[in-house]
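Observations on the three-dimensional arrangement
Spelled out from the first residue to the last, the chains are:
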Amino acid sequence: TSGPPAPVDPQAYVKQEAERRAFKDKSFREDPEPIPRDKVDVLLPLRYYAPDPSYAAPAELKLANQRPVFEMPTSTGKLRRMERVGVLEFSLKGQPMSLAAFVEEGQPLELLFVPFADLTTGKDTYPAGRYLEIRPTSTGFYNIDFNTAFNPTCAYNAAYDCPFPPPSNRLKVEILAGEKAPGA
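Note that the structure is predicted; figures quoted are calculated from it, not measured. Here, residues in each chain are numbered from 1, in the same order as that chain's written sequence. Reporting of local features is limited, given that this is a predicted model, to residues whose pLDDT is at least 70; pairs of side-chain atoms are given and counted only at 80 or more, and all residues count toward the totals for whole chains, interfaces and linings. Only heavy atoms go into the side-chain values, all of them from the structure, while hydrogens and water stay out.

Now for the overall build of the protein. In this text, helices come from DSSP runs of H or I with a minimum length of four residues, and strands from runs of E with a minimum of two, each type numbered from the N-terminal end. Helix and strand counts for the protein stand at two helices and seven strands. Reading the helices (α) and strands (β) of the protein from amino to carboxyl end gives α-α-β-β-β-β-β-β-β. Against the globule reference of 16 Å for 184 residues, the protein gives a C-alpha radius of gyration of 16 Å, in line with a compact fold. Counting only C-alpha atoms, the protein reaches 45 × 45 × 30 Å along its principal axes. Per-residue accessibility, obtained with a 1.4 Å probe over protein chains only, is compared with the maximum for each type, and a residue is labelled buried under 20%, exposed over 50%, and partly exposed between these values. For the protein, the proportion of its 184 residues judged to be buried stands at 42%. A residue counts as positive if it is Lys or Arg and as negative if it is Asp or Glu; His and the chain ends are not included. Where a charge lies is defined by one atom per residue type, namely NZ (Lys), CZ (Arg), CG (Asp) and CD (Glu). Separation of charge centres in the protein, based on 22 positive and 24 negative side chains, amounts to 3 Å. In this setup the radius of gyration rests on C-alpha atoms only. A globule is expected at 2.2 Å times the number of residues raised to 0.38.

And the structure:
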């Protein structure tokens, strides 16, 4: 099958991920959102697991015949209407897994929203879970890279409204990749 290749050069991959993370810290330091100015020095730099190419895997998006609408609970108690566009199927460290992929109701398929929780959730990572955003491809094959997993904005500022991962997106493994819970 075709699809995105796995990272070929681990050193280049680690360097690229370090640059992406440094850029995010710089953006968060300079932008008044999402981190309140009085918390910048407490929450930055963001905390991460070391980049690990073994937490990136090719995935196939099994599209739903219809895009059912789900009311996803959020951090503020509101419900956010999301369409489930399909399920990403992949194998990570030899174990088959799947995660549902969503878009906001009525939005085009420009960016897949993949909220998830795993066995690090509430320990090393944010208690409400983490997110992946994945750009669609024309082939139906994707690259799930948990090194790019990030905290919802409500992790830094309770004023934000952040959807919680649905039960289908609670992985029964530790994902030791991506962003850790904010704080010291």
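The peptide bond linking E33 to P34 adopts the cis configuration, its omega dihedral lying at -5°. With respect to the helices and strands, P34 occurs in the loop between α1 (10-30) and α2 (40-43). Even without glycine at this site, K93 takes up a positive phi of about 55°.

In what follows, salt bridge is the name for a side-chain nitrogen of Lys or Arg lying within 4 Å of a carboxyl oxygen of Asp or Glu. In total, this model carries 13 salt bridges according to the counting rule given. Salt-bridge contacts for R20 lead to E17; the nearest nitrogen and oxygen are separated by 2.5 Å. Of this pair, R20 and E17 both sit in helix α1, three residues apart, which is roughly one turn of that helix. Looking at R20, the relative accessible area reads 31%, which means it is partly exposed. Exposure remark for E17: the relative accessible area of 4% places this residue in the buried category. The partner of E83 in a salt bridge is R67, with the nearest N and O atoms 2.7 Å apart. Note that E83 is positioned in strand β3 (residues 79-92) and R67 in the loop between β1 (56-63) and β2 (69-73), a separation of 16 residues in sequence.

Tracing the chain through its elements places M82 in strand β3. Taking C-alpha positions, M82 is 27 Å from F28, a pair spaced 54 residues apart along the chain. By the convention used here, residues are in contact when the closest approach between their heavy atoms is within 4.5 Å. Every residue in contact with M82, bar those within four places of it in the chain, is listed here: P68, V69, F70, M72, F102, V103, E104, E105 and F113.

In this section: the layout of surface pockets. Of the pockets and cavities examined, the largest pocket occupies roughly 490 Å³. Where the lining of the largest pocket is concerned, the elements lending two or more residues are α1, β3, β4 (95-104), β5 (112-116) and β6 (130-134). Counting residues per element, the lining of the largest pocket draws most heavily on α1, which supplies four residues. Within the lining of the largest pocket, the residues separate by chemical class into 15 nonpolar, three polar and six charged. Whether a set of points on the 1 Å grid over the protein atoms alone is a cavity depends on a 1.4 Å probe fitting there but being unable to get out, while an open set qualifies as a pocket with protein on both sides within 12 Å along at least five of seven lines; lining residues are those with an atom within 4 Å of a point. Grid points are joined across faces, edges and corners, and a volume is the space filled by probe spheres set on the points. Gly is put with the polar residues, along with every residue not named as nonpolar or charged; the nonpolar set is Ala, Val, Leu, Ile, Met, Phe, Trp, Tyr, Cys and Pro, and the charged set is Asp, Glu, Lys and Arg.

Attention now goes to the pairing of β1. At least two DSSP bridges between two strands are needed for those strands to be called paired. Bridging between β1 and strand β7 (residues 141-145) involves five bridges; their strand directions are antiparallel. Along β7, the bridge assignment pairs E60 with F141. Of the strand pairs in this sheet, β1 and β3 are connected by five bridges, and their pairing is antiparallel. Across the sheet, L63 pairs through a bridge with G86, a residue of β3.

Right, let's talk about the nonpolar core for a bit. For the purposes of this section, nonpolar cores are sets of buried Ala, Val, Leu, Ile, Met, Phe, Trp, Tyr and Cys residues that join through side-chain atoms within 4.5 Å. Formed by 25 residues in total, the largest nonpolar core has its most connected members in L88, F90, F146 and I175. Secondary structure elements with two or more residues in this core: β1, β3, β4, β5, β6 and β7. Judged by nonpolar contacts, the second largest core, of twelve residues, contains M82, A100, F102 and F113.

With that out of the way, let us pick up the side chain of E179. Following the sequence through the fold, E179 ends up in the segment after β7. Here K24 takes part through its side chain, which lies 3.1 Å from a polar atom of the side chain of E179. Ignoring sequence-local partners within four residues, the contact set of E179 consists of K24, L46, R47, Y48, T125, R130, A149, F150, N151 and Y156. N or O atoms closer than or at 3.5 Å make up a polar contact, with two conditions inside protein: a donor-capable atom paired with an acceptor-capable one, and, for residues adjacent in sequence, both atoms drawn from side chains.

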